[in-house]
Amino acid sequence: MKVITRFAPSPTGYLHVGGARTALFNYLFAKHYGGRYLLRIEDTDKQRSTDKAVEAIFEGLHWLGLNGDEPAVYQSRQIDRHRQIATKLSSSGYAYYCYLSQEETKIYREKYKQEGKPFRSPWRNPDYDGDKNQKPVLRLRMPVDNDTIIKDLVQGEVKIANEQLDDLILMRSDGTPTYMLAVVVDDHDMGITHIIRGDDHLNNAFRQTKIYDALHWQPPIFAHIPLIHGADGNKLSKRHGAISVDAYKDMGFYSEAMNNYLARLGWSHGNDEYFSLKQASLWFDGTSIGRSPARFDIQKLVSINAYWLKNQSPKNLKNQIKTHNQQKKGKQISSEFEKRLDKLFQHLLERASTITELSSQIDYLLYDGAPKIEPEAKEFITKESCTLLESFSYILDETPLTPELFQNFVNNWLSEQGLKMKDLGIPLRIALTGSKSAPSIFDLIQSLGFDEVKLRIDQICN
Ligand code: GLU
């Protein structure tokens, strides 16, 4: 099957979660069938479109790995072609010029509304003899008989009576094409075979189908996917927190996790939870897309990200942590950092879901010397605990080297003094990490090495 899909954002803001999912579905569907996935910037609304938004959208797509297979088409640059088609529609009689003033249009609109009918202009009648003082708009002469039927890949067969459709505007009075005309012409010219987009466009699909019919063009196959809702069941909006894809990037989420999560928003493949873009494209054949709105659940995204975090190679993770911290502070990262991390890797990974979270928990491995002590841990560093820590520091010099022998040695040393592990463990952990909740004390000592342990005790207690 020949497949060419497209993602066609209007550049009025950043790439949001809903847009990213639309892009992703179009990408996956095209890749599944060995087709092409294209981009089109729908920038005909000059008032609302900005270059900054175009850039932000490209950046977001790039991050997700959803770049188009060809350079993006800019709708505003196709305007001559839109005009050419508009002229064709008017000369073939499928469209007509309407000279109603704004006030007159309003009156007609009101009249039809009261009758429960869509807007029609008297100018659709070729014999209408009205005033031509206004610059006209070009309207589609919408058929009034029969139904328009769409076999939507997601919604199934959907139907509307043509008498319910208005005589939509194709060209404005200033000679610019409307979205309705431009989208049809561009999709046709780009050879688009399948359009996957939000179901808020379903009504447009009926109207666009009539433009295709008027041009004797084959309409593409539509797949209108339910919009994403917030946890409260309302349509996803800024109220629900970050909806820009970039914001998730900045929070330390992986693009793999974002794609994995977005793919599952409204689509599923059995019980498979974690998969790559490549894997999803092998599965995504246009079936198994749900008909009810998916709910955006940040906790789910976090747990998927944790999976991707744990699946990074240690080498990559170390580099990511370093980059993250170099950006964060100007402090010198210890040359021992990687060695230290190796010993505590599993422990740390179990406790973090994002690279940001992970990085923020390991200052004590990144930098040499005493850590900054958390306020709630300060009370545990007392004169008494320092006495104990300092005597512990002395015995480090005399201890056997293997971890097991060392552990026995320390346990014996503590019981000789009538002390429990926690008597030493709490202040020692704080002296070494700045926090009460940190890895096992023996892993920690192994990771930092005796010299660094002694240095920190010394700095904390003096
Ligand atoms: N530009 C439209 C939007 O951003 C999408 C048009 C379409 O997919 O047909 O909502």
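Residues numbered from 1 in each chain as written. Predicted model: local features only at pLDDT ≥ 70, side-chain atom pairs only at ≥ 80, totals over all residues. Heavy atoms only, no water.

1. Regarding the overall build of the protein
Using the following cut-off: Note on conventions: DSSP H or I runs of at least 4 residues are helices, E runs of at least 2 residues are strands, and numbering of each starts at the N terminus. Only protein chains enter the calculation, and the probe is 1.4 Å; a residue is then buried if its accessible area is under 20% of its type maximum, exposed if over 50%, and partly exposed in between. Contacts are residue-level and defined by heavy atoms, with any inter-residue pair within 4.5 Å sufficient. A 1.4 Å probe and the Shrake-Rupley method give the accessible areas. Residues count as covered only by the protein chains that appear here.
Broken down by element type, the protein carries 19 helices and 12 strands. With the principal axes as the frame, the protein shows a C-alpha extent of 110 × 45 × 40 Å. Considering the protein as a whole, with its 462 residues, one finds that 49% of them fall into the buried category. Once local pairs closer than 6 in sequence are excluded, the contacts in the protein between residues at least 24 apart make up 74%. When the accessible surface of the protein is summed, it comes to about 23,100 Å², and 48% of that surface belongs to carbon and sulfur atoms.

2. Quick look at the pairing of strand β5 (residues 137–140)
So the rule is basically this: At least two DSSP bridges between two strands are needed for those strands to be called paired.
Both faces of β5 are covered, namely the face carrying Val137 and Arg139 and the face carrying Leu138 and Leu140. Inspection of the sheet shows strand β4 (residues 95–98) paired to β5 by 4 bridges, in the antiparallel sense. Across the sheet, Ala95 pairs through a bridge with Leu140, a residue of β5.

3. What to know about the sheet that holds strand β3 (residues 73–74)
The following threshold applies: Only the contacting stretch of a helix is used when fitting its axis, a line to C-alpha atoms as for every element, and angles between N-to-C directions run 0 to 180 degrees.
A sheet is described by the order of its strands in space; here 3 strands give the open sequence β1-β2-β3, paired in parallel fashion. The open sheet is flanked by β1 (4–7) and β3, the only strands paired with a single partner. As judged from the 2 bridges shared by strand β2 (residues 36–41) and β3, these two strands associate in the parallel manner. Across the sheet, the residue bridging to Ile41 is Tyr74, located in β3. Helix α1 (residues 17–32) rests against β1 and β2 of the sheet, and its axis sits at about 165° to β1.

4. A few points about the nonpolar core
We apply this condition: Only buried residues count toward a nonpolar core. Its members are Ala, Val, Leu, Ile, Met, Phe, Trp, Tyr and Cys residues joined through side-chain atoms within 4.5 Å.
Counting residues in each nonpolar core, the largest one holds 91 residues, and the members touching the most others are Phe392 and Leu428. Looking at which element gives the most residues to this core, the answer is α1, with 9 residues. With residues near it in sequence (within four places) discarded, Phe392 still touches Phe406, Val410, Trp413, Leu424, Leu428, Ile445 and Ile457.

5. What about the state of the cysteines?
What counts is decided by this rule: Working definition: a disulfide is two cysteine sulfur atoms within 2.5 Å of each other.
Across all of its chains, the model carries 1 disulfide by this definition. The disulfide partner of Cys386 is Cys461, and the gap between their sulfur atoms is 2.1 Å. Since a negative S-S torsion denotes a left-handed disulfide, the Cys386-Cys461 link at about -85° is left-handed. Note that Cys386 is positioned in helix α15 (residues 383–395) and Cys461 in helix α19 (residues 450–461), a separation of 75 residues in sequence. Comparing Cys386 with Cys461 shows no difference in burial state: the two are buried.

6. Here we look at the site of the ligand
Selection criterion: Proximity is defined per residue: if any heavy atom of the residue lies within 4 Å of a molecule or strand, that residue is considered near it. Any pair of N or O atoms that falls within 3.5 Å is considered a polar contact. Within protein, one atom must be able to donate a hydrogen and the other to accept it, and sequence-neighbouring residues count only if both atoms are side-chain atoms. When residues are grouped by polarity, Ala, Val, Leu, Ile, Met, Phe, Trp, Tyr, Cys and Pro land in nonpolar, Asp, Glu, Lys and Arg in charged, and all others, Gly among them, in polar.
In the region of the ligand, the neighbouring residues are Arg6, Ala8, Pro9, Ser10, Glu42, Tyr179, Val183, Arg197 and His201. A distance of 2.6 Å is found between a nitrogen atom of the ligand and a side-chain nitrogen or oxygen belonging to Glu42. In the model, an oxygen atom of the ligand is placed 3.0 Å from a nitrogen or oxygen of the Tyr179 side chain. About the coverage of the ligand: the protein hides 78% of its 300 Å² of free accessible area. Considering only residue class, the shell around the ligand consists of 4 nonpolar, 2 polar and 3 charged.

7. Focus: the packing of helix α3 (residues 79–91) against helix α5 (residues 179–189)
Selection rule: When an angle is under 35 degrees it counts as roughly parallel; over 145 it counts as roughly antiparallel; between 65 and 115 it counts as roughly perpendicular; any other value is oblique.
Where α3 meets α5, the closest approach of the two axes is 10 Å, and the angle between their N-to-C directions is 105°. When the axes of α3 and α5 are compared, the pair comes out roughly perpendicular. Contacts from Arg81, His82, Ile85, Ala86 and Leu89 of α3 reach α5 at Leu181, Ala182, Val185, Asp186, His188 and Asp189. The class makeup of the residues in the contact of α3 with α5 is 6 nonpolar, 2 polar and 3 charged.

8. A few points about the sheet that holds β4
Within a beta sheet, neighbouring strands are joined by backbone hydrogen bonds and run either parallel or antiparallel to one another. Taken in spatial order, the 3 strands make up an open sheet running β4-β5-β8, and their pairing is antiparallel. Taken across any chain shown, the strands that pair with only one partner, and hence form the sheet edges, are β4 and β8 (169–171). When the angles between neighbouring strand axes are averaged without regard to direction, this sheet yields 40°.

9. A short note on the environment of Ser303
Structurally, Ser303 can be placed in helix α10 (residues 298–310). Judged by its relative accessible area of 32%, Ser303 is partly exposed. A C-alpha to C-alpha distance of 9.3 Å links Ser303 and Thr354, two positions 51 residues apart in sequence. A polar side-chain atom of Ser303 sits 3.1 Å from the main-chain carbonyl oxygen of Lys300.

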